[in-house]
Amino acid sequence: MMTAVELPLPTPSIETEPFWAAVQERKLMMPTCNRCRKVTFPPTVACPACSNDAFTWTQMSGRGKVFSFVVYHRVYHPAFKDKVPYVVAVVELEEGPRIISNVVGMPVEDVQCDMPVTVVYEEVRDGYLIPKFTQR
Amino acid sequence: MRDKYAIAGTATSDLGRTGMDSLALLEQAMRRAIDDAGLKVSDIDGIVCRGPDDVYTHHQRMGARLGIDVRFSTSLDNGGASQILAVAIACMAIEAGLCTTVITGYGRNSWTRTHANEGKRVKMELTPDDQLPKEFAPEYGYFGAPATHALGARRHMYEYGTTREQFGAVAIAFREHALRNPSAVMKKPLTMEDYLSARYIAEPYGLYDCSLVSDGAGATIVTTLERAKSLRQPAVIIKGFGTFNNTRGWIYDDHMIRTAAEGSAKQAFAMSGISPKDVDTAQIYDCFTGMVVAQLEDYGFCKKGEGGPFVASGALRLDGALPTNTSGGQLSEAHVEGMLQVVEGVRQLRHTYPVERQVKDAEVALVSGHGGNTVCHSTLILARAA
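No experiment lies behind these values; they were computed from the predicted model shown.

1. Focus on the overall build of chain A
A tally of regular secondary structure across chain A gives one helix and seven strands. Scanning chain A from its N terminus toward the C terminus, one meets helices and strands in the order α-β-β-β-β-β-β-β. C-alpha atoms of chain A, sized along the principal axes, occupy 55 × 35 × 25 Å. For chain A, with 136 residues in total, the buried portion stands at 49%. A sequence separation of at least 24 residues applies to 52% of the contacts in chain A between residues at least 6 apart. For chain A, the exposed area adds up to about 6800 Å²; of that, 51% sits on carbon and sulfur atoms. Considering chain A, the positive charge centre built from 14 side chains and the negative charge centre built from 15 side chains are found 4 Å apart.

2. Considering the packing of helix 1 (residues 22–37) of chain B against helix 2 (residues 58–66) of chain B
All names here are of chain B. Closest axis-to-axis distance for the helix 1/helix 2 pair is 10 Å, and the angle between their directions is 60°. In terms of axis orientation, helix 1 runs oblique to helix 2. Every pair of crossing elements has a handedness; the one defined by helix 1 and helix 2 is right-handed. Contact residues: Leu23, Ala24, Leu26, Glu27, Met30 and Arg31 in helix 1; His58, Arg61, Met62, Arg65 and Leu66 in helix 2. Counted by class, the contact of helix 1 with helix 2 contains six nonpolar, one polar and four charged residues.

3. Description of the interface of chain A and chain B
Taken residue by residue, the interface counts 36 residues in chain A and 27 residues in chain B. Around 3100 Å² of area is buried between chain A and chain B when both sides are counted, 61% of it from carbon and sulfur atoms. By the criterion of area lost to chain B, the three top residues of chain A are Arg74, Tyr76 and Ile100 of chain A, representing 23% of everything that side buries. Scanning the region where chain A abuts chain B turns up one salt bridge. Mapped by element, the contributors of at least two residues to the side of chain A that touches chain B are helix 1 (17–24), strand 3 (63–72), strand 4 (86–93), strand 5 (98–103) and strand 7 (128–135) of chain A. Looking at the side of chain A that touches chain B element by element, the count peaks at seven residues for strand 3 of chain A. Here the side of chain A that touches chain B is composed, by residue class, of 24 nonpolar, eight polar and four charged. Alignment of strand 3 of chain A against strand 5 (residues 200–203) of chain B, held across two bridges, turns out to be antiparallel. Following the sheet pairing, Val71 of chain A is matched in strand 5 of chain B by Glu203 of chain B.

The rules we used
- Residues numbered from 1 in each chain as written.
- Chains lettered and ligands numbered in written order.
- Predicted model: local features only at pLDDT ≥ 70, side-chain atom pairs only at ≥ 80, totals over all residues.
- Heavy atoms only, no water.
- Helix = DSSP H or I, 4+ residues; strand = E, 2+ residues; numbered from the N terminus.
- Buried < 20%, exposed > 50% of the residue type's maximum accessible area, 1.4 Å probe, protein only.
- Contact = heavy atoms within 4.5 Å.
- Areas by Shrake-Rupley, 256 points an atom, 1.4 Å probe, with all protein chains shown as cover.
- Lys, Arg positive; Asp, Glu negative; His and termini not counted.
- Charge placed at Lys NZ, Arg CZ, Asp CG, Glu CD.
- Axes fitted to C-alpha atoms, helices over the stretch in contact; angles between N-to-C directions.
- Parallel < 35°, antiparallel > 145°, perpendicular 65-115°, else oblique.
- Left-handed = near helix turned anticlockwise from the far one by under 90°.
- Nonpolar A, V, L, I, M, F, W, Y, C, P; charged D, E, K, R; others polar.
- Buried area = accessible area lost by both parts, 1.4 Å probe.
- Salt bridge = Lys/Arg side-chain N within 4 Å of Asp/Glu carboxyl O.
- Pairing = 2+ DSSP bridges.

Take a look at the structure:
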């Protein structure tokens with residue numbers, strides 16, 4: 001008998017836990033430097049731009065663009081067997097940070113570099129949400 | 001340090017599907033390199049090597065296998081840039097008076113560790129499980145080195161109009177070289193039709209854009225030029241080296257299309273007094289086809305954005321403007337994280353190959369190493385001793 005392999009969930013670190021907790025509330029929150037206002041992600045002890053160590057978690061607009069992307073055809077993990085072809089992208093948020101995500105809601109062949117996107121929240125399993133992006 | 005040090009010996013292990021342990025592969029390459037130089041194991045007084053990532057104090061294991069105590073010994077961790085950096089560190093250690101004769105090398109049983117038998121792949125990732133990312137990757141289905149590099153290839157295509165056929169020209173040129181190398185893993189010709197019709201792995205990369213999963217090791221003996229000249233092989237001079245690291249990461253700024261090769265090249269050309277037009281053969285870290293195109297631009301062999309037309313012109317072939325990866329590279333010889341590029345650079349400058357493999361009148365070779373999450377780079381410029 002085949003046992004279904006579950007989709008992997010992220011394993012938050014002490015530093016990223018606030019990010020993932022906010023995602024469950026459908027918010028994209030990232031640390032913003034109290035001095036130079038640069039948004040840094042993933043989090044660091046002090047700001048990589050100005051070395052100030054006071055941050056405030058602030059909500060991002062959820063808007064950005066696709067910097068680059070690939071289309072997976074090969075199955076690397078059995079849980080993605082029925083997901084191929086799917087898009088993994090580097091999304092550049094309006095506030096600056098670039099993050100890895102999926103572009104969803106459109107044919108994979110229509111995805112383009114520099115295409116404007118906005119965040120959507122998709123359940124992986126068991127009610128756990130992760131941020132993905134769709135064309136805007 | 002220009003012209004003070006040399007590579008006096010070099011060798012590879014068996015390549016391909018060996019069933020051997022990583023450490024055994026490197027021991028085999030090291031012992032062959034020592035023989036190649038005409039030295040005894042006891043002549044070695046320094047070890048600089050990079051182990052598979054899951055081996056603690058790898059250099060010590062190699063000393064134990066060789067049966068020697070040494071003055072200077074360390075492992076390094078700069079990914080695929082480590083193999084050239086090891087040669088640079090060897091020169092620096094000799095310069096500092098810490099040792100006189102250093103063995104460097106790298107080996108990994110990538111095929112054996114991912115396959116249970118001839119046909120069955122049992123493991124996808126070469127990276128030890130505990131070093132794989134735990135977030136911002138698995139939940140998105142983001143796995144494996146091909147996708148990371150394909151992100152860069154896609155952006156290069158978008159910005160400069162680079163095509164899959166141009167990437168294919170890289171794979172085909174290196175396959176032609178491999179067919180002349182009896183040790184190379186890949187034995188069949190590759191046509192553009194084969195390249196374009198192969199299955200996609202992480203689009204835009206298909207099967208033949210990706211380097212091999214193969215076992216192998218390589219080693220070099222670094223000593224003073226004066227000493228090397230008294231040994232068995234034609235001495236190959238270390239003209240210069242360089243290194244640069246886009247440590248902030250692959251996805252930052254334009255690092256995906258303007259690699260750390262640019263900064264590394266600047267240092268290596270300055271130290272060696274060599275410029276791109278002086279280079280007779282290049283041995284470029286070819287984890288994926290697109291990385292060759294980007295590095296050729298970053299080294300100044302062509303302008304930024306013109307790497308696609310440059311490789312499509314036939315430049316990389318044995319009779320081309322810049323014969324590159326003349327043993328077949330990681331795409332067609334074996335993937336040993338840049339180590340075999342160092343070996344091939346040395347061998348071309350010895351002029352001991354049969355004529356069908358020899359880059360005609362090769363006097364200067366440029367070798368590149370790249371890795372460490374795709375942002376660490378090192379360069380070695382070698383020349384034939386007068």
